[in-house]
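Commentary on secondary and tertiary structure
Each chain, letter by letter, is given below.
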Amino acid sequence: MSFREPSARRRVREPPVRRRTQGDQLLARRGRFAALGSLAVVATVVVVLVLASIPGSGPGHAAQRPAGSAQTATTSASASRAAGQPVITAVPILVYHVINSRPPQSAANPALYVPADEFTSQLNALKAAGWHAVTLNQVEAYWTRGGSLGAGKPIVLSFDNGYASQYTNALPLLKRLGWVGVENLQLSGLPPAEGGLTDAQIRGLVAGGWELDTQGVSHADLITLDPGQLSSEIATARQTLRRRYGVPANWFSYPSGHYNATVTAAVRAAGYVGATTVNPGWASSQQDRFRLPRLPVLGGTSPSSLLSQIASARATTTIPVAYSGPGIA
């Protein structure tokens, strides 16, 4: 009599294992590649969606560059083209001193004095030629962040030393045109009795929209100072202006235009955005911000001569790394 296992416990024979052929292996590899390709597509879509959700990213958005670096103003170029305006990479900076007639028997340099009526004629000529005054901070913002410089041709009108006539004569004339200036204040400047700005007048310039910058504490020749004196002249001036008048004081103007590598390094270390010289040329986004050129306007300059001076200076693009030559006080 034979014995059979219950059907629930019967041993089930497994089908024989078939060896994989080369064709099977090829099909398997193709399947894996297809799966990886699908995953790559999904990952790409996710990355695109994430980037699109980040402000300032994606096509059409240029990365910002550090302020103070020489660059081509890519951001502002896009903004200007979008507004139908030409891209501005270079701006002339004029420098004035006394906006008044030279007093009789004065021993001061006659070239420092531009009478108010002469200054008025120059402003009218600039306006007729399409110029309008802006500040250095506005120019820097345009070059680095795409800020606006307004319609027309921007120009910077700077005033050195802190003469009272810059408040009494220049401020009203610029205000009439809706323009502003840049005051490069010498902190221990001329006493008011000798034609220097009072504290109230300095505050009046700031209230009138002028930019307040500095030439240092005492108008010393910076290239002759030791490191301690140099730092005190430059850094103390900025700290004082910021504390006393609540202004950024971003720009330095070299007294008499004198500077060298040591001086420019000290200006950088003090936190300034840049500095201006008395070397001719137009200030450009391509230049070292701490050696920007300016055009001194001397007494007796006719409106037509001023326009010619501005136009011809544009051809000068090389600014020396150091300067110790003649300069206006």
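Residues numbered from 1 in each chain as written. Predicted model: local features only at pLDDT ≥ 70, side-chain atom pairs only at ≥ 80, totals over all residues. Heavy atoms only, no water.

With that settled, consider the overall build of the protein chain. Counting its secondary structure elements, the protein chain contains 9 helices and 10 strands. When the 329 residues of the protein chain are sorted by exposure, 40% land in the buried category. Long-range contacts, defined here as pairs at least 24 residues apart, represent 68% of the contacts in the protein chain between residues at least 6 apart. Accessible area for the protein chain stands at about 17500 Å²; split by element, carbon and sulfur atoms hold 57% of it. (Helix = DSSP H or I, 4+ residues; strand = E, 2+ residues; numbered from the N terminus. Buried < 20%, exposed > 50% of the residue type's maximum accessible area, 1.4 Å probe, protein only. Contact = heavy atoms within 4.5 Å. Areas by Shrake-Rupley, 256 points an atom, 1.4 Å probe, with all protein chains shown as cover.)

Moving on, we get to the pattern of salt bridges. Inspection of every chain in the model, using the stated rule, returns 5 salt bridges. In this structure, arginine 203 engages aspartate 199 in a salt bridge whose closest nitrogen and oxygen atoms are separated by 2.9 Å. Separated by 4 residues within a single helix, arginine 203 and aspartate 199 lie in helix 6 (residues 199–207), roughly one turn from each other. With relative accessibility at 40%, the residue arginine 203 sits in the partly exposed group. (Salt bridge = Lys/Arg side-chain N within 4 Å of Asp/Glu carboxyl O.)

Our focus in this paragraph is the pairing of strand 6 (residues 211–216). Put simply, side chains in a regular strand alternate between the two faces of the sheet. Burial within strand 6 is extensive, with 6 of its 6 residues counted as buried. One crossover worth recording links strand 5 (residues 182–186) to the parallel strand 6 by way of helix 6, and it is right-handed. (Right-handed = clockwise from strand over helix to strand, strands pointing away.)

Let us look at empty space enclosed by the protein. If a probe as big as a water molecule is rolled over the atoms, it shows which places are left empty. Using the criterion set out here, one finds 1 cavity of 30 Å³ or more in the structure. The volume enclosed by the largest cavity comes to roughly 40 Å³. When residues in the lining of the largest cavity are grouped by element, the largest group, 4 residues, is from helix 4 (residues 136–145). Taken together, the residues of the lining of the largest cavity sort by class into 9 nonpolar, no polar and 1 charged. (1 Å grid on protein atoms, 1.4 Å probe; cavity = no way out; pocket = protein on both sides within 12 Å on 5 of 7 lines; lining within 4 Å. Points joined across faces, edges and corners; volume = space filled by probe spheres on them. Nonpolar A, V, L, I, M, F, W, Y, C, P; charged D, E, K, R; others polar.)

On to the environment of proline 320. With respect to the element layout, proline 320 can be found in the segment after helix 9 (303–313). On the basis of relative accessibility, which here comes to 33%, the residue proline 320 falls in the partly exposed class. Considering only alpha carbons, one finds proline 320 and asparagine 279, 41 residues apart in sequence, at a separation of 8.2 Å. Here proline 320 is in contact with Tyr259, Asn279 and Arg291, once residues within four sequence places are set aside.

For histidine 219, which is not glycine, the phi torsion reads 60° and is therefore positive. When you line up the elements, histidine 219 lands in the loop between strand 6 and helix 7 (227–245).

Further remarks concern the confidence of the model for the protein chain. Residues of the protein chain with pLDDT of at least 70 account for 74%, and the chain-wide mean is 82. Below pLDDT 50 for its whole length, residues 1–31 participates in 5 contacts with residues either more than four positions away or in separate chains. Low pLDDT, under 50, characterises residues 33–74; the stretch is placed with 28 contacts to residues that sit more than four places away or in other chains. (pLDDT = per-residue confidence, 0-100.)

Looking now at the packing of aromatic side chains. Under the counting rule described, the total for this entry stands at 8 aromatic pairs. Joined through ring pairs, the aromatic side chains of Tyr96, Phe119, Phe159 and Trp210 make up one cluster. (Phe/Tyr/Trp six-rings, centres within 6.5 Å; stacked < 30°, edge-to-face > 60°.)

Moving on to helix 6. Because each turn of an α-helix spans 3.6 residues, side chains separated by three or four positions end up pointing in the same direction. Gln201, Ile202 and Leu205 are the residues of helix 6 that are buried. Down the axis of helix 6, the buried set is contained in an arc of 105°. They therefore lie on one face. Turned more than 90 degrees away from the buried face of helix 6, the exposed residues are Ala200 and Ala207. Buried-residue contacts for helix 6 involve helix 5 (165–177), strand 5, strand 6 and helix 7. (Arc of directions from axis to C-beta.)

In this structure, Leu94, Tyr96, Phe119, Leu126, Leu157, Phe159 and Ile310 are the most contacted members of the largest nonpolar core, which totals 35 residues. Those elements that provide at least two residues to this core are strand 2 (93–96), helix 3 (116–128), strand 3 (131–134), strand 4 (153–161), helix 5, helix 6, helix 7 and helix 9. Looking at this core element by element, the count peaks at 4 residues for helix 5. Within the second largest apolar cluster, 16 residues are counted, among which are Ala237, Phe252, Tyr254 and Ile319. (Core = buried A, V, L, I, M, F, W, Y, C linked by side-chain atoms within 4.5 Å.)

Relative to the assigned elements, leucine 136 resides in helix 4. Taking the relative accessible area as the measure of exposure, leucine 136 reaches 5% and is therefore buried. C-alpha of leucine 136 to C-alpha of threonine 276: the two residues are 140 residues apart in sequence and 9.9 Å apart in space. Residues in contact with leucine 136, not counting those within four places in the same chain, are Ile93, Val156, Val182, Glu211, Asp213, Trp251 and Thr276.

As for its placement among the helices and strands, serine 253 is situated in strand 7 (residues 251–253). Within the structure, serine 253 has its side chain in polar contact with the side chain of arginine 294 (distance 2.9 Å). For serine 253, the contacting residues outside a window of four places in its chain are Asp160, Asn184, Thr214, Gln215, Thr276 and Arg294. (Polar contact = N/O pair within 3.5 Å; in protein donor to acceptor, adjacent residues only side chain to side chain.)

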